[in-house]
Amino acid sequence: EKKKKKLPMSLCSDLSLEELAVVDDGVCTETSIAQVEVEESVEKFIAPYKLGAQREADIELRRQDHVNYLRAGLRGLPGGYAGLDASRPWLVYWIVHALDLLGYDLTAAEQASCIDTLRRCQCAEGGFAGGQGQIAHLAPTYAAVNALCIVGTTQALDVIDRPRLQAWLLRLRTADGAYVMHEDGEVDVRGVYCAAAVARLCALDMKELFRNTPQWVVRCQTYEGGISAVPGTEAHGGYAFCGLAAMCLLECAHLVDSEALLDWAVHRQMRFEGGFQGRTHKLVDGCYSFWVAAVFPLLRQVRQAAGHTEDADLLYNREALQHYILLCCQSESGGLRDKPSKGRDFYHTCYCLSGLSSSQNAPGSECVVGKPSNKVRATHPLHNIRPEKVEFAMKHFT
């Protein structure tokens with residue numbers, strides 16, 4: 001059987017690193033300078049494997065170091081995190097989801113602490129705020145509901161006030177079907193995704209909540225093929241996932257131009273680094289290991305339903321992405337980062353591991369780079385929590 005050819009990039013190519021590097025066209029810009037600097041920082045990590053000085057089979061996920069880093073975050077955060085006081089549910093979600101993917105199960109004390117923190121963030125009018133005493137907002141509501149589903153106990157799920165949540169979500173819907181992030185707030189395709197994901201997990205009335213919404217999301221697809229925050233703006237990796245995932249949740253993904261979105265997403269994977277950028281002519285970032293790469297499993301399902309048959313490895317180079325995550329994004333002291341020049345944080349730890357999970361666990365086509373022990377648990381392609389957690393929540397609420 002003829003071997004299928006993968007997209008040539010990073011370590012998965014016969015081309016030299018010099019041939020994969022950004023082309024010097026003689027026009028020096030701030031963007032081109034930054035790209036060269038990133039490639040130089042990445043080269044230090046991938047060159048030993050490219051040149052044969054180290055074996056790909058020895059690449060290792062520093063699982064216990066990451067678990068230790070994440071568990072320390074559950075116990076308490078340093079003063080530098082004060083600026084994220086309006087992101088408490090996000091911090092809980094990033095940490096517990098990353099731990100769940102790594103195979104760590106929360107202790108009873110850790111579960112109780114998470115439940116207590118999230119209960120304090122729930123608002124009387126419905127939804128969750130970023131912190132106690134703040135206004136309800138769709139982003140932390142999504143994070144809080146996901147985190148409570150990950151905790152996965154009846155006590156955790158019963159925190160969610162579903163009738164008030166339904167009423168609050170209705171107040172956020174605009175006449176044309178879009179969603180504001182909070183009352184009197186900005187319209188954003190993230191809002192549609194957060195509302196749809198929460199409504200589906202909590203078994204709310206989807207028909208009442210999302211009248212005209214699919215038609216509004218379709219207007220967010222740009223001339224490039226990607227999806228933007230609102231109609232008429234630039235396509236972006238995070239918005240591409242949110243828009244497509246929302247359309248899948250609303251069972252209207254067939255309305256998206258999947259061919260154009262696929263073309264846009266394919267071109268976001270970087271030839272030299274193997275990771276993804278979020279926008280055209282931008283730098284690689286570990287978080288897009290999920291936000292962009294997770295678009296491919298959804299597109300594959302949408303296109304299969306339309307009669308297309310495409311191998312998971314022909315949509316994007318899963319091995320190259322895992323090389324970037326495992327070689328360039330891991331901190332030696334635990335946690336993951338945007339790129340080698342950046343520090344670790346909980347956000348990038350969550351989404352680098354989510355991207356690793358998505359790339360390893362394509363249905364019917366497992367792909368694990370390095371040691372077999374590098375495999376992490378699967379994540380749900382729409383909700384980005386484990387499929388078992390999604391199933392338990394839906395059964396609990398129906």
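Counting from 1, residues in each chain are numbered in the order their sequence is written. Reporting in this predicted model follows two pLDDT cut-offs: at least 70 for local features of residues, and 80 or more for side-chain atom pairs to be given and counted; totals over whole chains, interfaces and linings ignore these cut-offs and use all residues. In computing side-chain properties, one takes all heavy atoms of the structure into account and sets aside hydrogens as well as water.

Participant: Sorry if this is basic, but what is going on with the environment of Phe-392 here?
Facilitator: Going along the chain from the N terminus, every DSSP run of H or I of four or more residues is numbered as a helix, and every run of E of two or more is numbered as a strand. Examined against the element boundaries, Phe-392 turns out to sit in helix 19 (residues 387-397). With a 1.4 Å probe rolled over the protein chains alone, any residue whose accessible area is under 20% of its type maximum counts as buried; one over 50% counts as exposed, and the rest are partly exposed. Residue class for Phe-392 comes out partly exposed when judged on its relative accessible area of 36%. When the C-alpha atoms of Phe-392 and Arg-88 are compared, they prove to be 24 Å apart, with 304 residues separating the residues in sequence. Contacts are assigned to residue pairs that have any heavy atoms within 4.5 Å of one another. Contact partners of Phe-392, with chain neighbours within four places excluded, come to Gly-152, Thr-153, Thr-154 and Leu-157.

Participant: What should I look at first to understand the pattern of salt bridges in this one?
Facilitator: We define a salt bridge as a contact between a side-chain nitrogen of Lys or Arg and a carboxyl oxygen of Asp or Glu at a distance within 4 Å. This structure, assessed with the given rule, holds 19 salt bridges. For Asp-188, the salt bridge is made with Arg-190, and the minimal N-O distance between the two is 2.8 Å. Assessed through its relative accessible area of 30%, Arg-190 is described here as partly exposed. Salt bridges linked by common partners bring Asp-100, Asp-105, Arg-377, Arg-386 and Glu-388 together as one network.

Participant: I keep staring at helix 13 (residues 258-266) and nothing clicks. Help me out?
Facilitator: One turn of an α-helix holds 3.6 residues; hence residues three or four places apart share an orientation. Here helix 13 has its buried residues at Ser-258, Leu-261, Leu-262, Trp-264 and Ala-265. Viewed along the axis of helix 13, the buried residues span an arc of 165°, placing them on a single side of the element. The arc under discussion is defined with respect to the helix axis, by the directions toward the C-beta atoms.

Participant: How should I be thinking about the packing of helix 9 (residues 189-201) against helix 12 (residues 237-249) in this particular structure?
Facilitator: Packed helices, taken two at a time, are described by the angle between their axes plus the distance between the axes. One way to put it is that helix 9 packs onto helix 12 with a least axis distance of 8 Å and a crossing angle of 40°. Judged by the angle between their axes, helix 9 and helix 12 are oblique. Pair helix 9 / helix 12 crosses with left-handed handedness. On helix 12, the residues touching Val-189, Arg-190, Val-192, Tyr-193, Ala-196, Ala-197 and Arg-200 of helix 9 are Tyr-239, Phe-241, Cys-242, Gly-243, Ala-245, Ala-246 and Leu-249. Residues are sorted three ways: Asp, Glu, Lys and Arg are charged, Ala, Val, Leu, Ile, Met, Phe, Trp, Tyr, Cys and Pro are nonpolar, and all the rest, Gly among them, are polar. Here the contact of helix 9 with helix 12 is built from residues that sort into 11 nonpolar, 1 polar and 2 charged. Every axis in this analysis is a line fitted to C-alpha atoms, fitted for helices over the stretch in contact. Angles between the N-to-C directions lie between 0 and 180 degrees. Orientation is classified from the angle alone, with under 35 degrees giving roughly parallel, over 145 giving roughly antiparallel, 65 to 115 giving roughly perpendicular, and any other angle giving oblique. Take the far helix as your reference; a near helix turned counterclockwise from it by less than a right angle gives a left-handed crossing, and one turned clockwise gives a right-handed crossing.

Participant: Would you mind going over the environment of Gly-278 with me for this structure?
Facilitator: Its location among the elements puts Gly-278 in the loop between helix 13 and helix 14 (288-291). Assessed through its relative accessible area of 3%, Gly-278 is described here as buried. In the structure, Gly-278 is positioned 11 residues away from Ser-289 in sequence and 9.6 Å away in space, judged by C-alpha atoms. The residues touching Gly-278, leaving out its near neighbours within four places in the chain, are Ala-235, His-236, Gly-237, Trp-264, Arg-268, Leu-283 and Tyr-288.

Participant: Help me out: how do you make sense of helix 8 (residues 162-172) in this one?
Facilitator: Regarding helix 8, the residues found buried are Leu-165, Gln-166, Trp-168, Leu-169 and Leu-172. Along the axis of helix 8, the buried residues cluster in a sector spanning 170°; they form a single face. Packing partners of the buried residues in helix 8 comprise helix 6 (138-151), helix 9 and helix 10 (206-209). Here a polar contact is taken to be a pair of N or O atoms separated by no more than 3.5 Å, where protein atoms must pair a possible hydrogen donor with a possible acceptor and residues adjacent in sequence count only if both atoms sit in side chains. The distance from a side-chain oxygen at the start of helix 8 to the backbone nitrogen of Arg-164 is 3.3 Å, and the residue carrying that oxygen is Asp-161.

Participant: How do you make sense of a negative patch on the surface when you look at a structure like this?
Facilitator: A patch consists of residues whose relative accessible area exceeds 30% and which take part in no salt bridge; residues with like charges are grouped when within 9 Å of each other, and nonpolar side chains (Val, Leu, Ile, Met, Phe, Trp, Tyr) when within 5 Å. Note that accessible areas follow from Shrake-Rupley with a 1.4 Å probe, and for residues the cover is restricted to the protein chains shown. Charge convention: Lys and Arg are scored as positive, Asp and Glu as negative, and His as well as the terminal groups of each chain are ignored. One atom stands in for each charge, and that atom is NZ of Lys, CZ of Arg, CG of Asp or CD of Glu. Side chains of Glu-18, Glu-19, Glu-37, Glu-40 and Glu-43 sit close together on the surface and give a patch of like negative charge. Mapped by element, the contributors of at least two residues to the negative patch are helix 1 (17-20) and helix 2 (30-50). Per-element accounting of the negative patch gives the leading share, 3 residues, to helix 2. The topology assignment puts Glu-40 in helix 2.

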